[in-house]
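Observations on the three-dimensional arrangement
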Amino acid sequence: MVLNYIWIAFFLIAFVVGLIRLAFGGDLSVFPAMMESTFDSAKMAFEISIGLTGVLSLWLGVMKIGEKGGVVNALAKMLSPVFTRLFPEIPKGHPVSGSIFMNIAANMLGLDNAATPLGLKAMEQLQTLNKRPDTASNPMIMFLVLNTSGLTLIPVSILTYRAQMGAAQPTDIFIPILLATFCSTLAGVVITSLFQRINLFNRTLLLTLGGMCLLVSAIVWGFTQMDKEQMNVVSASTANILLMTIIVSFILAGIRHKVNVYDSFIEGAKEGFQTAVRIIPYLVAILVAIGVFRASGAMDAIIGALKWIVEQLGVNANFVEALPTALMKPLSGSGARGMMVDAMTTYGADSFVGRLSCIFQGSTDTTFYILAVYFGSVGIRYSRHAVACGLLADLSGIVSAIFIAYFFFG
């Protein structure tokens, strides 16, 4: 229901802004630009879905091997003490716990192509436990928020963009991103737990959160001991080695359990193709709405208004120029990436705005894209508090990113 109102608002606001630009500014190009964006966005949505087909087939095939080889069940048992408290409605030892873990691990390593199919697989398994198939369940919403909060330990793509844009030290935003994304994820878990009345003050969850804090601290310390070249090499190598290790481990587990590995892979790959086709309408809907909103100039108007308000309050408004990346990130990953590159091009890769844009890009994930794809893949129509929790986690990440950027670079 919330998505319905948001989707309508994108078009109505864009239309009103377009009329204002035409009537008072004589801008004859605004409506052609808006209509062109609908075609471009629809085409992009289809291309994204088709592009996902191969990746979905690959990873759902690998996951099927893991399922039959017992790896997913083993992960589920290992994570059961934590997941039974964070996801109290998931039966103890259910295979979806392993799928959720694999998805979160892929996100933490910045492996977006691997994370999406693993997440879709987890969502399909969660749907089998859902008593109301058209309505998001509590575990679905918690899982979605864990994705939208964007916990990332190794932001390889952002480091690569900074290097391409001529940053003197592309890795100087690594620690700020790590801190900001941790804040957004922690906030997302707490906010969703409040909505779902989950008690976080128990020994297991407190030890887990404390362990995560220690892990983040250890990673931060380890990377601060390296120069920028070492950091880039270690980040990329670690991600790729772990990814290949997962594939080989699943295959070996399948062999150990006398599974026909090839047939299992084909079975899972077929599911990947079907999933890619199912999400096309949902992607078209959300990306077209975002494209129209951008083309109308509504986004620029929002940024201009925010800057004026901040300046009237007497607050340093340096961060406002980077806000397009933050505001676009919940809507479109590629759009936010474009905003980040534009900020570095306009202001410089080593400027405050350029660096803050990179921190925004790494601190949260594409809330509406994830919501449309994940919920759309299983036919969820009513998202309940998913949008509110996801956006509040995004807001926490944005606010944290601003303070952290001023602390490191202000």
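Parameters at a glance
Residues numbered from 1 in each chain as written. Predicted model: local features only at pLDDT ≥ 70, side-chain atom pairs only at ≥ 80, totals over all residues. Heavy atoms only, no water. Core = buried A, V, L, I, M, F, W, Y, C linked by side-chain atoms within 4.5 Å. Buried < 20%, exposed > 50% of the residue type's maximum accessible area, 1.4 Å probe, protein only. Helix = DSSP H or I, 4+ residues; strand = E, 2+ residues; numbered from the N terminus. Contact = heavy atoms within 4.5 Å. Expected span 1.5 Å × (residues − 1). Patch = residues over 30% accessible without salt bridge, like charges linked within 9 Å, V, L, I, M, F, W, Y side chains within 5 Å. Areas by Shrake-Rupley, 256 points an atom, 1.4 Å probe, with all protein chains shown as cover. Salt bridge = Lys/Arg side-chain N within 4 Å of Asp/Glu carboxyl O.

1. Some remarks on the nonpolar core
- Core analysis: the largest hydrophobic core is formed by 59 residues, its most contacted members being Phe87, Ile100, Met123, Phe143, Tyr374 and Phe375.
- Of all the elements, helix 17 (residues 367-377) adds the most residues to this core, at 8 residues.
- Sequence-distant contacts of Met123, defined by excluding residues within four places in its chain, comprise Met140, Phe143, Tyr374, Phe375, Ser377 and Val378.
- By size, the runner-up hydrophobic cluster in this structure holds 30 residues, among which are Ile173, Ile177, Cys358 and Ala401.

2. Let's talk about the side chain of Ser400
- Topologically, Ser400 is positioned in helix 18 (residues 386-409).
- Not counting residues up to four positions away in its chain, the partners in contact with Ser400 are Ala180 and Cys183.

3. Describing helix 12 (residues 280-295)
- Taking 1.5 Å as the rise per residue, helix 12 with 16 residues should run 22 Å; its terminal C-alpha atoms sit 22 Å apart, in good agreement.
- For helix 12, the full list of buried residues reads Ile280, Leu283, Ile286, Leu287, Val288, Ala289, Ile290, Gly291, Val292 and Phe293.
- Downstream of helix 12 by a residue or two, Gly297 has a phi angle that is positive, lying close to 95°.

4. Section: a nonpolar patch on the surface
- Nonpolar side chains collect at one region of the surface, where Ile302, Leu306, Trp308, Ile309, Leu313 and Val315 lie side by side and expose about 580 Å² of accessible area between them.
- Relative to the elements of secondary structure, Leu313 occurs in the loop between helix 13 (298-312) and helix 14 (323-328).

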